[in-house]
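Structural characterization, general
Each chain, letter by letter, is given below.
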Amino acid sequence: MNYMRDNYTSAKNDVPILIDYGASTIKAGYATSQTPDVVIRSYINKFKDSNTQSNQIAQWDTDVFKNYRSPFEKNLIQHSGALEQLNDFVFERLQAGKHGRVNHPIILTECFATTDLARMIVLEQMFECYQVPNVMLGVDALFSVFQDDLEAYLKQTQLIVHLGDQTVHVVPIVNGQVIYSNIKRLNLGGLNSLKYFYQTIQLRHPHLKFTYPQIDYWHKQYTSVAIDYQLQLRYFQGPQQYYGYRDQISEQNRFHDDQLQFLDPIYIDIPIVQKIVSAEDLKRKDENRQRMKVRLQESIQQSRINKKSQLEQQLVALQQELEADLNNEELKKKITTLQVKLGLAPKEALDELKYNLLNVPDDKLTPSQLNQKRYQKVMYEQALMKKQKNQEFKQLQKDANKFKLEEPEKYLQMLYEKRDRIVLQIQERKKLQQEMNSRNSRFNQKRIQTLAYLGADDKAEDDFGKDDKDWEIYRSVTKEIDSADEKSKYKLQELEQELKDLDPDFEIKILKSIANIHQLGMNLSQVPLSVDRVRCQEIYFQPSLIGVEQQGLVDMIKLSSKGLDKLLLQNIILTGGGAKTQGIMQRLQKDLISEYDCPIAIKIATDPVFGTWLGMKNFANKHSNMLSQFSISIDDYNEIGTQKWEIFKQHPFSNIVD
Ligand SMILES: Nc1ncnc2c1ncn2[C@@H]1O[C@H](COP(=O)(O)OP(=O)(O)OP(=O)(O)O)[C@@H](O)[C@H]1O
């Protein structure tokens, strides 16, 4: 493996390596470093245009939502291959390997209630691939609140709200004891909010292609949790709606009115950049095309020569066979076919052979020959029709070329009209496909009934469609639509290429026509953000907005602290990158105050993103003597394996419950 560098000095051998496995970013570094030495996205992205793999975020476009591969699913490690690639990268960057092993104690994070499978994947990789001496596993949310004194930590009463990339954990700790039974997990996080934000704006602006960094920046910069969601929505609608609604709601809500800082709509300008291709580029492209053309012609020529010599050899062999069997009609036919192919005989010679019975009178033919004659007649007529069609097509092409040269504007107009027709066909087929995909649609019911009618032997009893197999027949029918769609798309591609070649304004015209449909003449290059600024962050409080059937954050906190010391509510601490979401603390404060009579105090961790790594660092430096006690050693692993629970160590940061 390339991370094993021999020139690495062993000075850091005993220094623990701390790895915070985050679902969005992996933060890793030596315990002696101030901040993590390596911070990488936890995704592997395979680019379409090259075979290189990378997770360089600057190169990502928003396809990353579809094309990435991550070791994590809902915060749990599931894909060992992807994890190994990322681990390789981390150790290489840290220059941690020597002679095939990483000789450092490792501290790793996991999430609450992680699965045995996830743990097994990590431990097996650490011990089998890197042969690390020992591994300590700790929960990210717990490390994120650890300062430097373990004794003080074990006395604290606090409610941790860890807002991660794909999950939120609410963890009550009373007198240093984690109350495992009251931990709550909300299955959404920053990534869901980001995706929701992206999807809503992309839907409104289909003519623009947003990049991942763009979306991420706007999401962080311009979105916020609304302190009062309903009021904020009315505010976006305009003063009339806002005041009308405010007058309807209670005095208590009005009390917050002056504390509310409303967000205003903003407009982001995105100039539509027209691709400017330099003359040099054009020349180079042209040269390349010419070179390709010559190469192609040469290879076609070569394959023609090969084929010809093959056919000639076959002809000689057949002629030799014929000399021994002069009356063999089959051989004669084959020889004539080959001669026509080689240009040694006219095409008509083949027709004479193929349709040899056509000119023979019926009374001179046997019954089986009569049958053959009928068959030959049909084939002959078909061949004639085909020939005629080919001639017509050639004529049409000639006319089109003439039309193109004589009346270029009309020709262009014709191409545009043709394009519109194909686009319409594709859209209609897409609509049809959508209707067909829904089993409950009226269209589909009707279609399946027709199929049932066609398929049933006994039409009186009709239960077609009840069995899943029936739907397979149905799906095979839908494939026809797919192939028609493919053809139309191919045609469209060809047509658009021709339009691009002929009309320099093609792209602008097309953009305008799309925008007219979707935007009703609004500024093409402007993205207005209003409701989007709060809706994507509202998912923490109303998960149903994105279809997650769970209670919101406030209810999670209520459930988690239920029956426990009320002091918890005076020491709520927000950790994880999501804690940086604007307005989240104020919203929680407002909602919790209206739920409880007791004082509520919420604070955001000093460093929400790197807090976990810094907590690990504090522990590794201040309590290094406990490290081996809390760790699983390679000897334990070799002796016990990962299948038995004894291997896992219980400690103040562990996931292990008695
Ligand atoms: N300034 C910000 N505003 C809003 N969200 C933010 C901000 N900074 C980071 N985030 C969000 O925080 C999340 C990342 O947080 P963090 O680094 O704690 O997660 P992680 O450690 O990768 O994941 P997890 O803790 O769930 O395993 C991302 O989803 C990101 O969108």
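Residues numbered from 1 in each chain as written. Predicted model: local features only at pLDDT ≥ 70, side-chain atom pairs only at ≥ 80, totals over all residues. Heavy atoms only, no water.

Where an unreviewed UniProt entry is consulted, the protein appears under the name Actin-like protein 1-1, with the organism given as Paramecium tetraurelia. In its Catalytic activity (unreviewed entry) section, UniProt records this for the protein: "ATP + H2O = ADP + phosphate + H(+)". The UniProt entry for the protein carries the following comment under Sequence similarities (unreviewed entry): "Belongs to the actin family." (UniProt positions renumbered as here; feature names shortened; annotations may be inferred.)

1. A few points about the packing of aromatic side chains
The geometry of an aromatic ring pair comes down to the distance between the two centres and the angle between the two planes. Throughout the structure, instances matching the rule amount to 17 aromatic pairs. When the centroid spacing of 6.1 Å and the interplanar angle of 75° are considered together, the rings of Phe 112 and Tyr 180 count as edge-to-face. One end of the pair, Phe 112, is in the loop between β11 (106-110) and α3 (116-129); the other, Tyr 180, is in the loop between β15 (177-178) and β16 (184-186), with 68 residues separating them in the sequence. Judged by its relative accessible area of 3%, Phe 112 falls in the buried class. On the accessibility criterion, Tyr 180 (25% relative accessible area) is partly exposed. An aromatic cluster is built from Phe 143, Phe 146, Tyr 153, Phe 619, Phe 630 and Phe 653, whose rings are joined through pairwise contacts. Above the face of the Phe 648 ring, Arg 119 is positioned so that its terminal group lies 4.6 Å from the ring centre. Positioned above the aromatic ring of Phe 541 is the side chain of Arg 587, whose terminal nitrogen or guanidinium carbon lies 4.2 Å from the ring centre. (Phe/Tyr/Trp six-rings, centres within 6.5 Å; stacked < 30°, edge-to-face > 60°. Helix = DSSP H or I, 4+ residues; strand = E, 2+ residues; numbered from the N terminus. Buried < 20%, exposed > 50% of the residue type's maximum accessible area, 1.4 Å probe, protein only. Lys NZ or Arg CZ within 6 Å of the ring centre and 35° of its normal.)

2. With respect to the pattern of salt bridges
This model, assessed by the stated rule, comprises 17 salt bridges. Ionic pairing is found between Asp 362 and Lys 373, a salt bridge with its closest N-O pair at 2.6 Å. With a gap of 11 residues between them, Asp 362 in the loop between α13 (347-354) and α14 (367-406) and Lys 373 in helix α14 connect regions that are remote in the sequence. On the accessibility criterion, Asp 362 (44% relative accessible area) is partly exposed. (Salt bridge = Lys/Arg side-chain N within 4 Å of Asp/Glu carboxyl O.)

3. Some remarks on the sheet that holds strand β1 (residues 17-21)
The six strands lie next to each other as β3-β2-β1-β11-β12-β21, forming an open sheet whose pairing is mixed. At either end of the open sheet lies a strand with only one pairing partner, and these are β3 (38-41) and β21 (632-633). (Pairing = 2+ DSSP bridges.)

4. Describing the site of the ligand
As a structural note, the neighbourhood of the ligand is formed by 19 residues, with Ala 23, Ser 24, Lys 27, Asp 165 and Gly 577 the closest of them. Here an oxygen atom of the ligand and a backbone polar atom of Ala 23 are 3.0 Å apart. Thr 25 has a polar backbone atom sitting 3.0 Å from an oxygen atom of the ligand. Coverage of the ligand by the protein chains reaches 90% of its 640 Å² of free accessible surface. Listed by contribution, the elements that provide at least two residues to the shell around the ligand are β2 (25-30) and α6 (190-204). Within the shell around the ligand, the residues separate by chemical class into three nonpolar, 11 polar and five charged. (Near = heavy atom within 4 Å. Polar contact = N/O pair within 3.5 Å; in protein donor to acceptor, adjacent residues only side chain to side chain. Areas by Shrake-Rupley, 256 points an atom, 1.4 Å probe, with all protein chains shown as cover. Nonpolar A, V, L, I, M, F, W, Y, C, P; charged D, E, K, R; others polar.)

5. Points about helix α11 (residues 279-324)
The terminal C-alpha atoms of α11, which comprises 46 residues, lie 68 Å apart, in line with the 68 Å expected from a rise of 1.5 Å per residue. Listed as buried for α11 are Leu 311, Leu 315, Leu 318 and Leu 322. For α11, the secondary structure elements touched by its buried residues are α12 (329-341). (Expected span 1.5 Å × (residues − 1). Contact = heavy atoms within 4.5 Å.)

6. A few points about the nonpolar core
Core analysis: the biggest nonpolar cluster contains 66 residues, and Ile 19, Tyr 21, Met 126 and Leu 142 have the highest contact counts within it. When sequence neighbours within four positions are dropped, the list of residues in contact with Met 126 reads Ile 19, Tyr 21, Asn 87, Phe 91, Leu 108, Gln 131, Val 132 and Val 135. Tyr 196, Tyr 540, Ile 557 and Leu 569 belong to the second largest nonpolar core, which has 44 residues in total. (Core = buried A, V, L, I, M, F, W, Y, C linked by side-chain atoms within 4.5 Å.)

7. Structural notes on the confidence of the model for the protein
Per-chain confidence: the protein averages 82 in pLDDT, with 82% of residues scoring 70 or above. A low-confidence stretch, residues 1-11 (pLDDT under 50), is modelled with 28 contacts involving residues beyond four sequence positions or located in other chains. Residue range residues 515-521 is modelled with pLDDT below 50. Its contacts to residues more than four positions away, or to other chains, number nine contacts. Two summary scores accompany this predicted model of the complex, namely pTM at 0.66 and ipTM at 0.97. (pLDDT = per-residue confidence, 0-100.)

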